[in-house]
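Read off the chains here:
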Amino acid sequence: MNHHRKQGKMEYMKTFDSLLVPHPFPYQGSKRGIARYILPHFPADVNCLIEPFCGASAISLSARVNGLTKKIILNDLNEPLMCLWEEILKRPGDLVKQYEQLWHEQHSDKKEYFFKTREKFNSTHQPHHLLYLLARIVKGSVRYSSSGSFNQSADNRRSGMRPNTMRQNIFDVSSVLSGITSLSSVDFREVVKKAKQHDLVYLDPPYQGTSFTRDHRYLSGLAYDEFVDALIVMNQKDTSYIISYDGQTGEKSHGNPLPNSLSLKHLHIKAGRSSQATILGNDDETIESLYLSPALVDRLSREKHSIPAVLPQKQQEIMFA
């Protein structure tokens, strides 16, 4: 526990920078880089953390490493992704052996090998093929066609994560999550129904972006009104939840803010330079919205949780501007 003085009184805040958190694969949109700004909003008594749009599950991994939850439910509508998660949790040894074989076989012609593996994955949805594709694509930027086929190209300057590194990551992730994690691939509304009084739901749905309900990181989009309706139901059930949703990169906004009628506490996180900005060589920074549900705010207030104190000064300036 660190102590910070602010406005003449002592504030208390948790920091989550010191522990090394493993990650299973590169995945654009992962909250791995800003998990330390999200975890301080966890209540002290989380029995089960539920991620309905889990992706690379960065928040669940960080929460478990830091001892913030006893159980985890991971869900994503992308069924092949959840099959990969099943391999990571149940058969990590077989998975890394298969990845190592793919990694070594590619070196005769990396570009051609990637396209052949992508074709195989789109036909068979084998988890080790998906892991290889995720390791090779540009900036972990997953893309699907309108028909649901994986269609992102490779970063042919690189060979992807080396087998020894991948082995370490996969086994570390499996060790952190195995035995306490349930997996599913259903509509997010189905999985949030499982939330009980001492649980917490972390929602990181697709950005609305400029394509309305379509985000090509996902097999299907999520309509704004449908999402809001689901949150209304969650509020009626006093579900504790955190949402990462809209945001801004430079002057470009990513979607509409969630409505005031939901009575959410709206915070902002300075997430640093976007991957697109890095590619283009400019300095645009991404500001991400974070929303806390009324039930969660009430829960934190009962714990005398000091919400404004969880971010460093540069983050507070963003939050309260």
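Predicted model only: the values in this text are computed from it and were never measured.

So, how was this worked out
- Just so you know, the residues in each chain are numbered from 1, in the order the chain's sequence is written.
- The model is predicted, so local features are restricted to residues of pLDDT at least 70 and side-chain atom pairs to those at 80 or more, both for listing and for counting; the totals for chains, interfaces and linings are taken over all residues.
- Side-chain numbers here rest on the full set of heavy atoms in the structure, without hydrogens or water.
- In this description a helix means any DSSP run of H or I spanning at least four residues, a strand means any run of E spanning at least two, and both kinds are numbered starting from the N terminus.
- Two residues form a contact once any of their heavy atoms are found within 4.5 Å.
- A 1.4 Å probe and the Shrake-Rupley method give the accessible areas. Residues count as covered only by the protein chains that appear here.
- With a 1.4 Å probe rolled over the protein chains alone, any residue whose accessible area is under 20% of its type maximum counts as buried; one over 50% counts as exposed, and the rest are partly exposed.
- Any two strands are treated as partners once DSSP identifies two or more bridges connecting them.
- In what follows, salt bridge is the name for a side-chain nitrogen of Lys or Arg lying within 4 Å of a carboxyl oxygen of Asp or Glu.
- Any residue with relative accessible area above 30% and no salt bridge may belong to a patch, with like charges joined within 9 Å and the nonpolar Val, Leu, Ile, Met, Phe, Trp and Tyr side chains within 5 Å.
- The charged-residue count follows a simple rule in which Lys and Arg add positive charge and Asp and Glu add negative charge, with His and chain termini not counted at all.
- To locate a charge, take NZ of a lysine, CZ of an arginine, CG of an aspartate or CD of a glutamate.
- Pairing of aromatic side chains here covers Phe, Tyr and the six-membered ring of Trp, requires ring centres within 6.5 Å, and sorts the geometry by plane angle: under 30 degrees stacked, over 60 edge-to-face, intermediate tilted.
- Here, nonpolar core refers to any group of buried Ala, Val, Leu, Ile, Met, Phe, Trp, Tyr and Cys residues whose side-chain atoms link them within 4.5 Å.

**Concerning the overall build of the chain**
The helix and strand inventory of the chain stands at 12 helices and 10 strands. In the chain, of all internal contacts separated by at least 6 residues, the share reaching a separation of at least 24 is 69%. Element-wise, carbon and sulfur atoms account for 47% of the exposed surface of the chain, whose accessible area totals about 15,500 Å².

**Examining the side chain of S60**
On the secondary structure map, S60 appears in helix α2 (residues 58-65). Taking relative accessible area as the criterion, S60 reaches 0% and is therefore assigned buried. If we ignore the near neighbours within four places in the chain, the residues touching S60 are L49, E51, I72 and L74.

**Digging into the pairing of strand β6 (residues 200-203)**
Burial of the side chains of β6 extends over both faces: L200 and Y202 are buried on one face and V201 and L203 on the other. As paired strands, strand β3 (residues 48-51) and β6 are joined by 2 bridges and run parallel to one another. In the strand pairing of β6, L49 is matched with L200.

**Here we look at unusual backbone geometry**
Glycine aside, a negative phi is what most residues show, and trans is what most peptide bonds show. Positive phi is not limited to glycine here, since H125 has a value of about 60°. With respect to the helices and strands, H125 occurs in the loop between α5 (110-124) and α6 (127-136). With a phi angle near 55°, K139 is a residue other than glycine that sits in the positive phi range. Here K139 shows up in the loop between α6 and α7 (163-177).

**Quick notes on α6**
With 10 of its 10 residues buried, α6 lies for the most part within the structure. Taken together, the buried positions of α6 are occupied by P127, H128, H129, L130, L131, Y132, L133, L134, A135 and R136. The secondary structure elements touched by the buried residues of α6 are α3 (79-90), α4 (92-105), α5 and α7.

**Brief notes about the pattern of salt bridges**
On inspection of all chains with the given rule, the structure shows 12 salt bridges. Taking the shortest distance from any N to any O, the salt bridge between E226 and R189 comes out at 3.8 Å. Within this pair, whereas E226 is found in helix α9 (residues 224-236), its partner R189 is found in helix α8 (residues 188-192), the two being separated by 37 residues in sequence. A salt bridge links K193 to E190, with the nearest nitrogen and oxygen atoms 3.4 Å apart.

**Observations regarding a positive patch on the surface**
A surface patch of like charges, here positive, comprises K70, K71, K194 and K196. You can see K194 is positioned in the loop between α8 and β6.

**Focus on the environment of Y37**
Topologically, Y37 is positioned in helix α1 (residues 35-38). The buried category is assigned to Y37, whose relative accessible area is 7%. Taking C-alpha positions, Y37 is 9.6 Å from L290, a pair spaced 253 residues apart along the chain.

**Some remarks on the packing of aromatic side chains**
One pass over the full model with this rule turns up 9 aromatic pairs. Where Y144 meets F150, the ring centres are 5.6 Å apart and the plane angle is 80°; that geometry is what we call edge-to-face. Across the pair, F150 and Y144 agree in class, each one buried. Members of the aromatic cluster, connected to one another through ring pairs, are F53, F188, F227 and Y245.

**Brief notes about the nonpolar core**
Core analysis: the largest hydrophobic core is formed by 60 residues, its most contacted members being F25, I38, F42, W85, I88, L177 and I242. F25 has contacts with G55, A56, L81, L84, W85, I88, L131 and L134, leaving out every residue within four places of it along the chain. Counting residues in each nonpolar core, the second largest holds 23 residues, with L203, L222, L231 and Y241 among its members.

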